[in-house]
Amino acid sequence: MIKRLAIIGASGHGKVIADIARSLGCETITFYDDRWKEIGELYGYPVLGNVASASQDATTNYDVSIVAIGNAKKRAAIQQRLASVSSALVHPSAVVSPSVRLGKGSIVMPNAVINADVVIGEGVIVNSGAVVEHDCLVGDYSHICPNATLAGGVRVGCFSWIGMGSSVIQLVKIGDDVTVGAGSVVIRNVGDKQTIVGSPAALIKR
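Participant: Just give me the short version of the overall build of the protein chain, but keep the residues and values in it.
Facilitator: In terms of helices and strands, the protein chain carries four helices and 24 strands. Taken over the C-alpha trace, the protein chain has a radius of gyration of 17 Å; the compact-globule value for 206 residues is 17 Å, and the two agree within 12%. Summarising its shape, the C-alpha atoms of the protein chain cover approximately 45 × 35 × 25 Å along the three principal directions. Every one of the 206 residues in the protein chain was classed for burial, and the buried ones make up 49%. When contacts within the protein chain are restricted to residue pairs at least 6 apart in sequence, long-range pairs at least 24 apart make up 23% of them. Accessible surface computed for the protein chain: about 9100 Å², of which carbon and sulfur atoms make up 52%. Of note, the protein chain has its 18 positive side-chain charges centred 5 Å away from the centre of its 16 negative side-chain charges.

Written out as structure tokens, the structure reads:
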């Protein structure tokens, strides 16, 4: 059980992570943010220092640190400096198959479903109500947004954003650094560094 948690990033995303930690019985929750002097306290928890100080404090003072920053590249840069980011956090209402592999620093939000033999990389966000079906692979620091659905065998690269309410049909491959617009339906493979939207989803930016 996690007793002491440091959350890097005092934001709305951080509040949700604090809720998950509290539901798991975490006793001490502390935030770090570069605006720490301005914020002081968030959601009833202290904001004790900036991101740089978290890199020092978290390793010795906390069981686990979680980076609560939406920007994937920033999240990766900070997480890779924190030795205490060693496990994922899963909300009790989420349904996660015992065969799922969750990378360190990943978050599984309320009512998400992750089915058999899925592999989730490091620093991934599987947001509220998202569904990741059997045999999917989600690369490091990607974000499966609320109510998005990945059908069986989908491959998502690193640093990609699968927008709110979007759907990806079975066996599709999505590259690195891809943005899928909210509500889109992806029916074919997507290369790296593309933005696609619509139903069926089409390229709008490369």
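Participant: Outline the sheet that holds strand E14 (residues 137-138), listing residues and values.
Facilitator: Pairing within the open sheet is parallel, and its five strands lie in the order E8-E11-E14-E17-E20. The two strands at the open ends of the sheet, each matched to only one other strand, are strand E8 (101-102) and strand E20 (173-174). In terms of strand pairing, E14 meets strand E17 (residues 155-156) through two bridges, oriented parallel. The partner of Leu-137 across the bridge, within E17, is Arg-155.

Participant: I'd like to hear about the side chain of His-13, residue by residue, with values.
Facilitator: By the element assignment, His-13 lies in helix H1 (residues 12-23). The residues contacting His-13, other than those within four sequence positions of it, are Ala-68, Ile-69, Met-109 and Ile-125.

Participant: Could you give an account of the packing of aromatic side chains, with specific residues and numbers?
Facilitator: For the structure shown, the criterion picks out two aromatic pairs. For the pair Phe-31 and Tyr-45, a centre-to-centre distance of 6.4 Å together with 50° between the ring planes defines the contact as tilted. Of this pair, Phe-31 sits in strand E2 (residues 28-32) while Tyr-45 sits in strand E4 (residues 45-49), and the two are 14 residues apart along the sequence. Each of the two residues, Phe-31 as well as Tyr-45, counts as buried. Taking the centre distance of 5.6 Å and the plane angle of 20° together, the rings of Tyr-141 and Phe-159 count as stacked. In this pair, Tyr-141 is assigned in the loop between E14 and strand E15 (143-144) and Phe-159 in the loop between E17 and strand E18 (161-162), connecting sequence segments 18 residues apart. One cation-aromatic arrangement involves Lys-73 over Phe-159; the distance from NZ or CZ to the ring centre is 5.1 Å.

Participant: Give me the environment of His-13: which residues, what numbers.
Facilitator: The exposure class assigned to His-13 is buried, which follows from its relative accessible area of 17%. When the C-alpha atoms of His-13 and Ala-72 are compared, they prove to be 13 Å apart, with 59 residues separating the residues in sequence.

Participant: An account of helix H4 (residues 72-79) is needed here, citing residue identities and associated values.
Facilitator: The complete set of buried residues in H4 reads Ala-72, Arg-75, Ala-76, Ile-78 and Gln-79. Two to three positions downstream of the cap, the backbone nitrogen of Lys-73 sits 3.1 Å from a side-chain oxygen, assigning the N-cap of H4 to Asn-71.

Participant: So what about the pattern of salt bridges? Which residues, and what values?
Facilitator: The tally for this structure, following the rule as stated, stands at five salt bridges. Across the pair Arg-35 and Asp-33 runs a salt bridge, and its minimum N-O distance is 3.7 Å. Here Arg-35 falls in the partly exposed class, since its relative accessible area comes to 40%. In this structure, a network of salt bridges that share partners links the residues Asp-33, Arg-35 and Glu-38.

Participant: Which residues make up the sheet that holds strand E12 (residues 125-126), and what values do they have?
Facilitator: Strand-to-strand pairing in sheets goes through backbone hydrogen bonds, with the strands running parallel or antiparallel. In spatial order, the strands read E6-E9-E12-E15-E18-E21-E23-E24; together these eight strands make up an open sheet with mixed pairing. This sheet does not close on itself; its edge strands, each paired only once, are strand E6 (89-90) and strand E24 (202-205). In terms of strand pairing, E18 meets strand E21 (residues 179-180) through two bridges, oriented parallel. Across the sheet, Ile-162 pairs through a bridge with Val-180, a residue of E21.

Participant: Requested: an account of H1, with residues and values cited.
Facilitator: Every α-helix winds through 3.6 residues per turn, so residues three or four apart in the chain are directed the same way. For H1, built from 12 residues, the straight-helix expectation of 16 Å at 1.5 Å per residue is met to within 8% by its first-to-last C-alpha distance of 17 Å. Considered for burial, the residues of H1 that qualify are His-13, Gly-14, Ile-17, Ala-18, Ile-20 and Ala-21. Axial view of H1: buried residues confined to an arc of 160°, hence all on one face. Just downstream of H1, Gly-25 is the residue with a positive phi angle, here 90°.

Rules used in this analysis
Residues numbered from 1 in each chain as written. Predicted model: local features only at pLDDT ≥ 70, side-chain atom pairs only at ≥ 80, totals over all residues. Heavy atoms only, no water. Helix = DSSP H or I, 4+ residues; strand = E, 2+ residues; numbered from the N terminus. Rg over C-alpha atoms; globule rule 2.2 N^0.38 Å. Buried < 20%, exposed > 50% of the residue type's maximum accessible area, 1.4 Å probe, protein only. Contact = heavy atoms within 4.5 Å. Areas by Shrake-Rupley, 256 points an atom, 1.4 Å probe, with all protein chains shown as cover. Lys, Arg positive; Asp, Glu negative; His and termini not counted. Charge placed at Lys NZ, Arg CZ, Asp CG, Glu CD. Pairing = 2+ DSSP bridges. Phe/Tyr/Trp six-rings, centres within 6.5 Å; stacked < 30°, edge-to-face > 60°. Lys NZ or Arg CZ within 6 Å of the ring centre and 35° of its normal. Polar contact = N/O pair within 3.5 Å; in protein donor to acceptor, adjacent residues only side chain to side chain. Salt bridge = Lys/Arg side-chain N within 4 Å of Asp/Glu carboxyl O. Expected span 1.5 Å × (residues − 1). Arc of directions from axis to C-beta.

So yeah, pure geometry; function would need other evidence.
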